[in-house]
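An overview of the molecular structure
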Amino acid sequence: IVNTASDFKTAQNKVPFPLTIDQLWQAHLSNEVFQLTVCNALRICYVSIYNTYDNFIGQCISIAHSKEIRTSDGKDFRKLFLTAIGENALDKCWAGEEIDMARKIRHKLSHAGGRVDSNFKYKDKCLIEDNVIQILPDEIKQLFSVLKEAVSVLVDIAKDKPEFQ
């Protein structure tokens, strides 16, 4: 095995690679298909992270009430959240601006191709070009951080409640 690995390494070193990493990256950046793929991968990542959180919250409230509950139940969900988790966590975990903005961005990405109109509540808080929300890696990192903190708050409260045991 050692000899085979050595032979492979020797052969690999004899084959010249004509492009540097920087040249290869620049070639990718000029490729329209690559550009679309990266942009859409960022959108998919944002939507996936939010949807995972949304599902987690819905499952937690369903467990607390011993019945199927969906976050899309609107005001009913808010009331059920309050009775299961309490008012102290409502803003941090569900109704606060950061999570509301993430929910509305996810909705626009999923159902309107990211397009927004002049009535979009958070147009001054996100990058919009040609009336389309643009998702960058920093937005994904921020979303993950906000939702991770919200999960921590929820878990800290739920661990002491008998309906979650």
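Above this note sits the structure.
Residues numbered from 1 in each chain as written. Predicted model: local features only at pLDDT ≥ 70, side-chain atom pairs only at ≥ 80, totals over all residues. Heavy atoms only, no water.

Looking now at the side chain of Arg-43. As for its placement among the helices and strands, Arg-43 is situated in helix H3 (residues 32-65). No salt bridge is formed by the buried Arg-43. Its closest oppositely charged neighbour is Glu-129, at 9.8 Å. At 3.0 Å, the side chain of Arg-43 and the backbone oxygen of Gly-113 are in polar contact. Beyond its immediate stretch of four places on either side in the chain, Arg-43 contacts Leu-109, Gly-113, Gly-114, Val-132, Ile-133 and Ile-135. (Helix = DSSP H or I, 4+ residues; strand = E, 2+ residues; numbered from the N terminus. Buried < 20%, exposed > 50% of the residue type's maximum accessible area, 1.4 Å probe, protein only. Lys, Arg positive; Asp, Glu negative; His and termini not counted. Salt bridge = Lys/Arg side-chain N within 4 Å of Asp/Glu carboxyl O. Polar contact = N/O pair within 3.5 Å; in protein donor to acceptor, adjacent residues only side chain to side chain. Contact = heavy atoms within 4.5 Å.)

Further remarks concern the packing of H3 against helix H6 (residues 97-111). For the pair H3 and H6, the least separation of the axes is 10 Å and the interaxial angle reads 125°. Here H3 is positioned oblique relative to H6, judged by the angle of their axes. Classified by chirality, the crossing of H6 by H3 is left-handed. Residues Arg-43, Tyr-46, Val-47, Tyr-50, Asn-51 and Tyr-53 of H3 pack against Ile-99, Ala-102, Arg-103, Ile-105, Arg-106, Leu-109 and Ser-110 of H6. Split into classes, the residues belonging to the contact of H3 with H6 amount to eight nonpolar, two polar and three charged. (Axes fitted to C-alpha atoms, helices over the stretch in contact; angles between N-to-C directions. Parallel < 35°, antiparallel > 145°, perpendicular 65-115°, else oblique. Left-handed = near helix turned anticlockwise from the far one by under 90°. Nonpolar A, V, L, I, M, F, W, Y, C, P; charged D, E, K, R; others polar.)

Further remarks concern unusual backbone geometry. Positive phi values are uncommon outside glycine, yet Asp-130 reaches one of about 55°. As for its position among the elements, Asp-130 is in the loop between strand S1 (128-129) and strand S2 (132-133). Overall, Asp-130 belongs to the exposed group, its relative accessible area being 76%. With a phi angle near 60°, Asn-131 is a residue other than glycine that sits in the positive phi range.

To continue, consider helix H4 (residues 75-84). Within the sequence span of H4, burial applies to Phe-77, Leu-80, Phe-81 and Ala-84. When H4 is viewed along its axis, its buried side chains cluster within an angular range of 105° and face the same direction. Residues Lys-75, Lys-79 and Thr-83 are exposed on H4 and point more than 90 degrees away from its buried face. Structurally, H4 contributes buried residues whose contacts are with H3 and helix H5 (90-95). (Arc of directions from axis to C-beta.)

Moving on to the pattern of salt bridges. Applying the stated criterion across every chain, the model contains five salt bridges. Across the pair Glu-97 and Lys-125 runs a salt bridge whose closest N-O atoms are separated by 2.9 Å. With a gap of 28 residues between them, Glu-97 in helix H6 and Lys-125 in the loop between H6 and S1 connect regions that are remote in the sequence. Taking relative accessible area as the criterion, Glu-97 reaches 45% and is therefore assigned partly exposed. A salt bridge links Asp-160 to Lys-159; its shortest N-O distance comes to 3.5 Å. Summarising the burial analysis for this pair, Asp-160 and Lys-159 share the class exposed. What you see here is one network of salt bridges that share partners, running through Asp-100, Arg-103, Lys-104 and Lys-121.

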